[in-house]
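Structure at a glance
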Amino acid sequence: MTNPAVHTPDTDAREAPVLLLVGSGYRPYREYILAAVSQHYRLWLLDSADATWQLRYCAGATRVDTRNAEAVREAALDVVRSLPVVGVFTYDETQVVFCARLAQDLGLPGSPPETIASCRDKAATRAALTAAGVPQPASLTVQSAEEALAAAEKIGYPVIVKARAMAASFGVVRADGPADIAAAFAAADGADFMNLPRYPANVLVEEFLTGPEISVDAVIHDGEVTPTVIAHKRLGLEPYFEETGHDVDARDPLFEDEELLGQLRDIHRALGFVHGATHSEFKLTPAGPRLVEVNARLGGDLIPYLGLLATGVDPTVAAAHAAAGRAADLTPKQRKAAAVRFLLPEGHCRTVEVVVHEGRFGPTIHETGITAEPGDELDLPPAAFLTRYAHVVAVGDDMAHVQDDLREPERLVELRADALTD
């Protein structure tokens, strides 16, 4: 059930339009979004926990179980009855479908709920885009290890085995031969991330795509798609796909790549996007760009923040405008390079302390963030995912210089920990 509003700050922006923000996320990776968007809209937060750090950015907050769609709907209606709400805004993967339905029910801008649901279900994405003639990797849906083995034999090794509806690379494994299939299927089928849904046929077996991997954050206004950030992804810990960093360059020639931009437009048109923000992942294969997946939300891992540092234009504000049905000025104000590196433990351990060595920083190091506390237990895939202890962000005029300053991030932010035996 909802609780009364817990905060109403004294502000000169009392007449600003209101966005309903559903879910606020993990502070080290998401606070920058609230800080930016609150300069343009009054935010009313609907979240499962009491608002704390979020309060400085919100006109009000309601505690409500965000897993209970009807409770969230009632909380939203309470706000709509008293304030000029112009849109529903979320970057929480678990909330995107519900928020699309809520926006539709309230007559607010957005994309059809069916569109958003097709992004959450990777098999539905593949079916829609194949029907529209968008180039796709071979992909088969399976519900057992035996079916996965047959699918892999049909597609040809290596293959990707992944959960149908997870996020953040949970349940994504490469299988190089028949001996790998059983374990890969078990990892994919058993993946759990923030209680996202399962399907009876819960696993996809897909063609392994070669080439660098990128992500494209974009905003959609009246069906027109505009990329805001192109990030080159760094992966590690094979056969898993743990994301260890991203590189963003405002001068990236991919912003002018007609094949990539054409596919981006075709993908969004086929899925039926009208207003909103997306985070699409591609492999740049020898045959051209091939979609890995499309997500109906802003990118995570500080990718939009890197876009702001590189271009001077904030993708999070553009996404908020899209949620309100407004166009954004996306003309770059600067041309810089920005990158982030995520620091992982060497193995299973318990954190003692994390030490920042500022004296070792190169000139492009912009900031660091610590995401592990003393006593935290850390591990690596497949035992645990996203158990990072820190990150380092760099920004400069030249990508080579940025990458050089980030070459040994573990020297910049050191993990001191006690090893644990499994």
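Residues numbered from 1 in each chain as written. Predicted model: local features only at pLDDT ≥ 70, side-chain atom pairs only at ≥ 80, totals over all residues. Heavy atoms only, no water.

1. Some remarks on the overall build of the protein chain
- Tallying secondary structure elements over the protein chain gives 12 helices and 19 strands in all.
- A compact globule built from 422 residues should have a C-alpha radius of gyration of about 22 Å, and the protein chain, at 21 Å, falls within 12% of that.
- The C-alpha extent of the protein chain, read off along each of the three principal axes, is 60 × 55 × 45 Å.
- Per-residue burial over the protein chain gives 56% buried out of 422 residues. (Helix = DSSP H or I, 4+ residues; strand = E, 2+ residues; numbered from the N terminus. Rg over C-alpha atoms; globule rule 2.2 N^0.38 Å. Buried < 20%, exposed > 50% of the residue type's maximum accessible area, 1.4 Å probe, protein only.)

2. With respect to the sheet that holds strand E7 (residues 172–175)
- An order of E5-E8-E6-E7 is seen for the 4 strands of this open sheet, with the pairing classed as antiparallel. The outermost strands of the open sheet, each flanked by one partner alone, are strand E5 (139–142) and E7. Neighbouring strand axes in the sheet, compared pairwise and without regard to direction, differ in orientation by 25° on average.
- Sheet topology places strand E6 (residues 159–163) next to E7; 4 bridges connect them, and they run antiparallel. From the neighbouring strand, Ile 160 faces E7, where its bridge partner is Arg 174.
- Strand contacts of helix H6 (residues 145–155): E5, E6 and strand E8 (203–207), with the helix running at about 170° to E5, the strand carrying the most contacts. (Pairing = 2+ DSSP bridges. Axes fitted to C-alpha atoms, helices over the stretch in contact; angles between N-to-C directions. Contact = heavy atoms within 4.5 Å.)

3. Quick word on the pattern of salt bridges
- Throughout the structure, instances matching the rule amount to 27 salt bridges.
- Here Arg 126 makes a salt bridge to Glu 206, at a shortest N to O gap of 2.9 Å. Highlighted residues: Arg 126 in helix H5 (residues 122–131) and Glu 206 in strand E8, separated in sequence by 80 residues.
- Residue classification places Arg 126 among the buried positions, given a relative accessible area of 7%.
- Residue Glu 206 is classed as buried on the basis of its relative accessible area, which comes to 4%.
- Linked through salt bridges whose partners overlap, the residues forming this network are Glu 213, Lys 233, Glu 243 and Glu 281. (Salt bridge = Lys/Arg side-chain N within 4 Å of Asp/Glu carboxyl O.)

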